[in-house]
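Structural overview for review
Take a look at the letters that make up each chain.
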Amino acid sequence: MDLFNVYPLVNITPVRALGAKLWDDQGQEYLDFYGGHAVISIGHSHPHYVQRLIAQLQNIGFYSNSVQIPIQRELAEKLGRVSGYPDYSLFLCNSGAEANENALKLASFHTGKKRVIAFRGAFHGRTSGAVAATDIPKIVAPFNADHAISFVEYDLKAVAEILRGGDVCAVIIEPIQGVGGIIRPSDDFLQGLSLLCGAHNALLIADEVQSGYGRSGKFFAHRHAGIRPDIIAVAKGMGNGFPIGGILIAPTLEASYGLLGTTFGGNHLACAAALAVLEVIEDECLLVHVTEMGDYLRQELEAHAGAVEIRGRGLMVGIKYDFPIKEIRDKLLTEHHIFVGNASDPTVLRLLPPLNITKAEVDRFLVALYELVSVTA
């Protein structure tokens, strides 16, 4: 049997990782400025993270959600306090797509309606409802295409017009679009969107799968706008590489037995990983560090990168050029041994380093980028 060939692969085989560095099977060191799609939040193989997982595995790694699992409540309490949502409840699952799928389902259950408003450039996952709300037609199968989805630009008048139809259960939005090219709706737009949802009995879902967990310098990117969504989807950096996702649910939404469910969601190992991430974020004051490093990185890029625009917040950064960035991205990897990301916009270079990236590591990336940009120019 062979693997189903759906991933274009670079010819690199990482075998070891620590902090923001990787080593391949030939002993070559790489700087990780992408974190495997924003997954590595506290650095590869963080010692506290490793110890937490080993200790949990030595006791119990898994049992289903048919028994008491106290570490789930420990995680919920810690996440509520650190994120600023102690009054919300937590449903645990396994991935960002599953988080958004459950968020959409819960909104439909709660309102009795089925239409969803999503935004141009959105990426919410590859499960049925999540991919229907994703603005990439080539990954939406006919089976997924029958969901009632309305795509709009960041235009409050267009949103209001659809909401007046009375059939919208939810508006789902990334406070910072990741795959779309690090596109950030304005704080005013998010505030207006929240008000419109409240006025029309539609739930506001913040997809913080990529932008959450400190990536923007606040625990959630939507907090920059001062809004409180009805449901917040999380994953990626939540487990620092261990598969885990979840939704934070406002107290106005009621639970009932069987309403949502999952076999593996909230297992003992996943919760241990997620607790380790929160503990490191707190103990190492990473939100402050993200703001400082993000400001430094952005100032340097604005001054020297020769870009059309520097996008994002914190350590979620997009560098937009007036030419395709594929050659620069490829040479960063092959010549300078630095992993970076791209976006659906071929002119945007996407940066998602670990939250504890050092200034020396940022400078290493900057020197490499400036050299390549000067040659390209």
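When helices and strands are counted, the protein chain shows eleven helices and 14 strands. For a compact globule of 377 residues, the expected C-alpha radius of gyration is about 21 Å, and the protein chain comes in at 20 Å, within 12% of that figure. Dimensions along the principal axes, computed over C-alpha positions, put the protein chain at roughly 55 × 55 × 50 Å. Across the 377 residues that make up the protein chain, the buried fraction comes to 54%. For the protein chain, the proportion of contacts with a sequence separation of at least 24, taken over those separated by at least 6, is 73%. Entry remark: accessible area of the protein chain is about 17,100 Å², with carbon and sulfur atoms responsible for 54%.

A few words now on the pattern of salt bridges. Enumeration according to the criterion identifies 15 salt bridges in this entry. Of the charged contacts, one joins Arg81 and Glu77 as a salt bridge, the two residues approaching to 3.9 Å between their closest N and O atoms. Separated by four residues within a single helix, Arg81 and Glu77 lie in helix H3 (residues 70-83), roughly one turn from each other. Accessibility expressed as a relative area gives 44% for Arg81, which makes it partly exposed. Residue Glu77 is classed as partly exposed on the basis of its relative accessible area, which comes to 48%. The salt bridge involving Arg311 is made with Glu309; its shortest N-O contact spans 3.1 Å. Taking relative accessible area as the criterion, Glu309 reaches 38% and is therefore assigned partly exposed. Through salt bridges with shared partners, a single ionic network connects Glu77, Lys78, Arg81 and Glu282.

We now examine the packing of aromatic side chains. Throughout the structure, instances matching the rule amount to eleven aromatic pairs. Residues Tyr30 and Phe339 carry aromatic rings whose centres are separated by 5.5 Å and whose planes lie at 55° to one another, so their mutual orientation is tilted. In this pair, Tyr30 sits in strand S3 (residues 29-32) while Phe339 sits in strand S13 (residues 338-339), placing the two residues 309 residues apart along the sequence. Like Phe339, Tyr30 is buried. Pairing Phe119 with Phe189 gives two aromatic rings, centres 5.8 Å apart and planes at 85°, and the pair type is edge-to-face. Here the residue Phe119 occupies a position in strand S5 (residues 115-119), and Phe189 occupies one in helix H7 (residues 187-199), the gap between them amounting to 70 residues. Each member of the pair Phe119 and Phe189 is classed as buried.

Moving on, we get to the packing of H3 against helix H8 (residues 268-283). Relative to each other, H3 and H8 sit at 30°, their axes nearing to 9 Å. Relative to H8, the element H3 lies roughly parallel. The interaxial crossing formed by H3 with H8 has left-handed handedness. Along its contact with H3, which presents Ile71, Gln72, Glu74, Leu75, Lys78, Leu79, Arg81 and Val82, the element H8 presents His268, Cys271, Ala272, Ala274, Leu275, Leu278, Glu279 and Glu282. Class assignment for the residues of the contact of H3 with H8 results in nine nonpolar, two polar and five charged.

Ranked by internal contacts, the top residues of the largest apolar core, which has 89 residues, are Phe33, Ile247, Leu297, Leu301, Ile319, Phe365 and Leu369. Residues within four places of Ile319 in sequence aside, it is in contact with Leu301, Ala307, Glu309, Ile310, Thr347, Val348, Leu349, Leu351, Phe365 and Leu369. Ile117, Leu190, Leu193 and Ala225 belong to the second-largest nonpolar core, a separate cluster that totals 18 residues.

The rules behind the values
Residues numbered from 1 in each chain as written. Predicted model: local features only at pLDDT ≥ 70, side-chain atom pairs only at ≥ 80, totals over all residues. Heavy atoms only, no water. Helix = DSSP H or I, 4+ residues; strand = E, 2+ residues; numbered from the N terminus. Rg over C-alpha atoms; globule rule 2.2 N^0.38 Å. Buried < 20%, exposed > 50% of the residue type's maximum accessible area, 1.4 Å probe, protein only. Contact = heavy atoms within 4.5 Å. Areas by Shrake-Rupley, 256 points an atom, 1.4 Å probe, with all protein chains shown as cover. Salt bridge = Lys/Arg side-chain N within 4 Å of Asp/Glu carboxyl O. Phe/Tyr/Trp six-rings, centres within 6.5 Å; stacked < 30°, edge-to-face > 60°. Axes fitted to C-alpha atoms, helices over the stretch in contact; angles between N-to-C directions. Parallel < 35°, antiparallel > 145°, perpendicular 65-115°, else oblique. Left-handed = near helix turned anticlockwise from the far one by under 90°. Nonpolar A, V, L, I, M, F, W, Y, C, P; charged D, E, K, R; others polar. Core = buried A, V, L, I, M, F, W, Y, C linked by side-chain atoms within 4.5 Å.

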